[in-house]
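Notes for the structure review
So you can see what is in the structure, the chains are spelled out below.
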Amino acid sequence: MAGSQSLSVVDVWRDIQLTRYTQCESISYGKAHGQWEKYSLSLIVITLYSPSCNTFFHWQGWTGLIACMLAEAILQMRLYALYSLNKKVLALMLISYLTCTTAAASIMGFVLQRRL
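With that settled, the discussion passes to the overall build of the protein. Across its full length, the protein holds four helices and zero strands. Reading the secondary structure of the protein in the N-to-C direction produces α-α-α-α. In the protein, 63% of the contacts between residues at least 6 apart in sequence involve partners at least 24 apart.

Here you go:
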């Protein structure tokens, strides 16, 4: 396979940490003051694990899940109408919706409890 790249765990972890840092820094109300060179690794780690950053990740995670649930509910109502208000289709959709929502909320709660 010419041109394919394999990602190591270290590369993925570094990308996740960089994404988390940029998200936290975007909400950290002017901590950097445009002087990136003066910040060391210790300040980056402190910023990543600050309480305001964790609050942001909790808010981001749960609001994303709620938005996804709302979109799924709207699409399922449309499918229910498309299938001429068939009760069997409704039952199948509700069971799968509740199963997926419960799984997603459980995973979200577990991950956020460990503070990412």
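Once you've had a look at it, read on.
All right, on to a nonpolar patch on the surface then. A cluster of nonpolar side chains, namely Leu-79, Leu-82 and Tyr-83, defines an oily patch on the protein surface of about 320 Å² accessible area. You can see Tyr-83 is positioned in the loop between helix H3 (51-82) and helix H4 (87-113).

Here we take up the environment of Ala-105. You can see Ala-105 is positioned in helix H4. By relative accessible area, which is 25% here, Ala-105 ends up partly exposed. As a C-alpha pair, Ala-105 and Ile-66 span 39 residues in sequence and 9.4 Å in three-dimensional space. If sequence neighbours within four positions are ignored, Ala-105 has contacts with Trp-62 and Leu-65.

Another point: H4. Relative to the 39 Å expected for 27 residues at 1.5 Å per residue, H4 spans 38 Å between its end C-alpha atoms, a close match to the ideal helical length. Looking only at H4, the buried set comprises Val-89, Met-93, Tyr-97, Thr-101 and Leu-112. For H4, the N-terminal capping position is held by Asn-86, with its side-chain oxygen 3.0 Å away from the main-chain nitrogen of Lys-88.

What follows concerns the confidence of the model for the protein. Across the protein, the average pLDDT comes to 75, with 63% of residues at or above 70. The weakest mean pLDDT in the protein belongs to helix H2 (residues 41-48) at 50; the strongest belongs to H4 at 92. Low confidence marks residues 32-43, where pLDDT is under 50. Its contacts with residues over four positions away, or in another chain, come to five contacts.

Another aspect to go through is the side chain of Gln-76. Residue position: Gln-76 is located in helix H3. The buried category is assigned to Gln-76, whose relative accessible area is 18%. Beyond its immediate stretch of four places on either side in the chain, Gln-76 contacts Met-93 and Tyr-97.

Backbone phi values are negative for most residues with the exception of glycine, while trans is the configuration of most peptide bonds. One non-glycine residue with positive phi stands out, namely Ser-84, at about 55°. In this fold, Ser-84 is placed in the loop between H3 and H4. Judged by relative accessible area, Ser-84 falls into the exposed class, the value being 63%. One non-glycine residue, Leu-85, adopts positive backbone phi at about 55°. On the secondary structure map, Leu-85 appears in the loop between H3 and H4.

Scoring rules and cut-offs
Residues numbered from 1 in each chain as written. Predicted model: local features only at pLDDT ≥ 70, side-chain atom pairs only at ≥ 80, totals over all residues. Heavy atoms only, no water. Helix = DSSP H or I, 4+ residues; strand = E, 2+ residues; numbered from the N terminus. Contact = heavy atoms within 4.5 Å. Patch = residues over 30% accessible without salt bridge, like charges linked within 9 Å, V, L, I, M, F, W, Y side chains within 5 Å. Areas by Shrake-Rupley, 256 points an atom, 1.4 Å probe, with all protein chains shown as cover. Salt bridge = Lys/Arg side-chain N within 4 Å of Asp/Glu carboxyl O. Buried < 20%, exposed > 50% of the residue type's maximum accessible area, 1.4 Å probe, protein only. Expected span 1.5 Å × (residues − 1). Polar contact = N/O pair within 3.5 Å; in protein donor to acceptor, adjacent residues only side chain to side chain. pLDDT = per-residue confidence, 0-100.

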